[in-house]
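Fold and geometry: a report
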Amino acid sequence: MKIPINQLKTCPINSEIYRDSDVQDLMNSIQEVGLLQKIVVTTDNLIVSGHRRLKALKILGWTEVECEVKEIGEDDLAITLVLYNQHRTKVASELLNEIKVLYEKLWVGRGKNKGIGGRNPNIRDVVANKVGISSSKIQQLLYIEENQPELLKLIDEEKITINGAYYEV
């Protein structure tokens, strides 16, 4: 369904998780081969996936864009946004923000209930699988944030690795 760009609304949760990044590479790609993925929006035109695409399209002067409309409840908005961004390249602070969202949303109902085969998977392993990093990296990022959060900026700027910052802490 084509929707006028001026009717699309950015999701506030997106700016809480992801930083604003350069879209020149995306603009070049759109100019060369067109828009390869539709922007995903809620029934209220709130963007769930495609904030960078929208930014690039605005700069390129597009007035409307093909969108996929999904019915997503308000309670599911944050986790859906994270899951749609699984394959995006992220810096450490963005990964940490995703981890926090997933912990908050996936922890519900994780008491003594055993999953398939009588095992209740470790929440960190579940989150690691969804974010695409190891559970030990999650533990390291959480530890760094708790003890020396200023190192996260250096990790984002690629001045130090997650391992290096963890050992420094």
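To be clear, the structure that these remarks concern was listed above.
Here we summarise the structure given alongside this text. The structure displayed is predicted, hence computed values, not measured ones.

As a further point, take the pairing of strand S2 (residues 39-42). Burial of the side chains of S2 extends over both faces: Ile39 and Val41 are buried on one face and Val40 and Thr42 on the other. Here four bridges tie S2 to strand S4 (residues 64-70), and the two strands are oriented parallel to one another. Across the sheet, the residue bridging to Val40 is Glu68, located in S4. Bridge count for S2 against strand S3 (residues 47-49) is two bridges, and the pairing is antiparallel.

Counting across every chain of the model gives seven salt bridges. The closest approach of N and O atoms between Glu64 and Lys2, which form a salt bridge, is 4.0 Å. Of the two residues, Glu64 sits in strand S4 while Lys2 sits in strand S1 (residues 2-4), which places them 62 residues apart along the sequence. Given the relative accessible area of 37%, Glu64 is considered partly exposed. For Lys2, a relative accessible area of 54% translates into the label exposed. The residue Lys90 makes a salt bridge to Glu98 at a minimum N-O spacing of 3.3 Å. Pair check on accessibility: Lys90 and Glu98 agree, each one buried. Sharing partners across several salt bridges, the network here consists of Lys153, Glu157 and Lys159.

Moving on, we come to the layout of surface pockets. When its volume is computed, the largest pocket comes out at roughly 830 Å³. Looking at the lining of the largest pocket, the elements that each hand over two or more residues are helix H2 (24-33), helix H3 (51-60), helix H5 (92-106) and helix H8 (151-156). For the lining of the largest pocket, the element with the most residues is H2, which contributes four residues. When the residues that make up the lining of the largest pocket are grouped by side-chain class, the tally is 12 nonpolar, 11 polar and 12 charged. Here the second largest pocket defines a volume of roughly 240 Å³. Considering the residues around the second largest pocket, the lining is formed by 14 residues, among which Asn14, Asp20, His51, Arg52 and Lys55 are closest to the centre. Considering each element in turn, the lining of the second largest pocket owes the most residues, five residues, to H3. Considered class by class, the residues forming the lining of the second largest pocket number three nonpolar, five polar and six charged.

Calculation notes
- Chains are numbered independently. Their residues run from 1 in the order of the written sequence.
- The predicted origin of the model limits local features to residues at a pLDDT of at least 70 and limits the giving and counting of side-chain atom pairs to 80 or more, whereas totals for whole chains, interfaces and linings rest on all residues.
- Processing note: side-chain calculations cover all non-hydrogen atoms of the structure and skip hydrogens and water entirely.
- Working definition: with a 1.4 Å probe on protein chains only, accessible area under 20% of the residue-type maximum means buried, over 50% means exposed, and in between means partly exposed.
- Helix numbering and strand numbering both begin at the N terminus, where a helix is a DSSP run of H or I of at least 4 residues and a strand a DSSP run of E of at least 2.
- Any two strands are treated as partners once DSSP identifies two or more bridges connecting them.
- By definition, a salt bridge exists where a carboxyl oxygen of Asp or Glu is found within 4 Å of a side-chain nitrogen of Lys or Arg.
- Throughout, the protein atoms alone are placed on a 1 Å grid, and a set of points is a cavity if a 1.4 Å probe fits but cannot get out or a pocket if it is open with protein on both sides within 12 Å along at least five of seven lines; lining residues have an atom within 4 Å of a point.
- Grid points are joined across faces, edges and corners, and a volume is the space filled by probe spheres set on the points.
- Gly counts as polar in this scheme, as do all residues outside two lists: the nonpolar Ala, Val, Leu, Ile, Met, Phe, Trp, Tyr, Cys and Pro, and the charged Asp, Glu, Lys and Arg.

Note that every value here comes from positions in space, so none of it alone points to a role or purpose.
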